[in-house]
Amino acid sequence: MSRVTLSRYLIEQTRNHDTPADLRFLVEVVARACKAISHAVSKGALGGVLGNAGTDNVQGEAQKKLDVISNEILLEANEWGGHLAAMASEEMEEAYQIPGRYPKGAYLLLFDPLDGSSNIDVNVSVGTIFSVLRCPEGTETPSEASFLQAGTEQVCAGYAIYGPQTMLVLTLGNGVKGFTLDREMGSFVLTHESMTVPESTKEFAINMSNQRHWETPVSRYVAEMQAGATGALGKDYNMRWIASMVADVHRILTRGGIFMYPRDAREPEKPGKLRLMYEANPMSLIIEQAGGAATNGHQRILDIQPESLHQRVAVFLGSKEEVERITSYHHHS
Ligand code: AHG
Ligand code: MN
Ligand code: MN
Ligand code: MN
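Parameters and conventions
- Residues numbered from 1 in each chain as written.
- Chains lettered and ligands numbered in written order.
- Predicted model: local features only at pLDDT ≥ 70, side-chain atom pairs only at ≥ 80, totals over all residues.
- UniProt positions renumbered as here; feature names shortened; annotations may be inferred.
- Helix = DSSP H or I, 4+ residues; strand = E, 2+ residues; numbered from the N terminus.
- Rg over C-alpha atoms; globule rule 2.2 N^0.38 Å.
- Buried ≥ 20, exposed ≤ 12 C-beta atoms within 10 Å, placed from the backbone.
- Near = placed C-beta within 6 Å.
- Nonpolar A, V, L, I, M, F, W, Y, C, P; charged D, E, K, R; others polar.
- Pairing = 2+ DSSP bridges.
- Contact = placed C-beta atoms within 7 Å.
- Axes fitted to C-alpha atoms, helices over the stretch in contact; angles between N-to-C directions.

By the naming in an unreviewed UniProt entry, the protein is Fructose-1,6-bisphosphatase class 1, taken from Leeia speluncae. Note on the protein: under the UniProt heading Subunit (unreviewed entry), the record states "Homotetramer." What UniProt states about the protein under its Subcellular location (unreviewed entry) heading is, verbatim, "Cytoplasm".

Next up, the structure:
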């Protein structure tokens, strides 16, 4: 059988599922940018791309050189094509307006240009996460408010993972497809036709070092998982924490599991570490499209009405059975 490239997949989506041509172009451009980021990441010390940039972002995090490089690559790739009205990024305080010399389009693109920054210098998988929204009609200059749409409004979401292989995982709202980068040919090839999250699992992912700051439902749930086969859950669990959300989510899409980044008692005004618009929403759409579930402990993440661009949120996502369990613990405590 002939190989299905990302381009062919997208053209067939346009033909059979009414994916608009400008959305198809958008995904192609993002994929091209991810190839460029993958290339930069793979150079490591040889390319002089490791280490800190010497600046802080709006989240108060020290930016790595690759955070800044990846952000630049995504902006440059996407600003000229006429498919976007504006962009927003984890690494930029305000929305990025399309320069006046270029035409504007119908979509808003949001991204976490380099996810898993703490893993860059130790040669562990990192990635890029993106989310696409429609720009509200009649918007001349998109403002922060234009971006504040619930995750259910996303028309597309995806991530690239820069690991032993570079992969692009994508949903246009009808299932989740995985493409592997063929480095010789320079194209993404469809290798994972239908990615699904098994309903039940025996694997969990959480940063255990924050245990003393967790709320009761999370402490109870993790204690039950640690109790193993003789405990309330009746099975032995394994634990994995890569500290790159893309890599942890990719594992869950491959073999199941639950990923948790709960709210933290140290920062009551910041419910969780992860960002709703660049991390939680796109990953939640992908996980739901793959048959899994995603909540903040109380409600479906995709239903949350965002209040600000850089808003943080608690995240529980992955195998349905486990996400439902931890969510019910929040409701009954
Ligand atoms: P980013 O590198 O984009 O700032 O995101 C880091 C996130 C996410 O990738 C990961 O799940 C989590 O931070 C890791 O947090 P810990 O440092 O607490 O392990
Ligand atoms: Mn960061
Ligand atoms: Mn991230
Ligand atoms: Mn990041």
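Text resumes after the structure shown.
### Thoughts on the overall build of the protein
In terms of helices and strands, the protein carries eight helices and 17 strands. Expected size for 333 residues packed as a compact globule is a radius of gyration near 20 Å; at 19 Å, the protein falls within 12% of this value. For the protein, the spread of C-alpha atoms along the three principal axes comes to 60 × 50 × 45 Å. In the protein, buried positions account for 45% of the 333 residues.

### Thoughts on the site of ligand 1
Surveying the vicinity of ligand 1 reveals the residues E61, E90, D112, D115, G116, S117, S118, N207, A243, S244, M245 and K273. Residues of the shell around ligand 1, tallied by class, amount to two nonpolar, five polar and five charged.

### Digging into the sheet that holds strand β9 (residues 177-182)
Ordered by their spatial adjacency, eight strands build an open sheet running β4-β3-β5-β6-β7-β8-β9-β10, and the pairing between neighbours is mixed. Since the sheet does not close on itself, it has two edges, and those belong to β4 (96-97) and β10 (187-192), each with one partner. Across five bridges, the pairing between β9 and β10 is antiparallel. Considered in β10, the bridge of G178 is made with H192. With respect to the sheet, helix α3 (residues 65-79) is in contact with β3 (84-89), β4, β5 (107-115) and β6 (126-134), its orientation differing from that of β5 by roughly 155 degrees. Those strands touched by helix α6 (residues 245-255) are β5, β6, β7 (156-162) and β8 (166-171), and its axis lies near 105 degrees from that of β7.

### Structural notes on the pairing of β5
Where a strand is regular, its side chains alternate between the two sheet faces. Counting buried positions along β5 gives nine out of nine residues, so the element sits mostly inside the fold. Pairing of β3 with β5, which is carried by five bridges, proceeds in the parallel orientation. In the strand pairing of β5, A86 is matched with L108. Bridge analysis of β5 against β6 gives seven bridges, and the strand direction is antiparallel. Following the sheet pairing, F111 is matched in β6 by F130.

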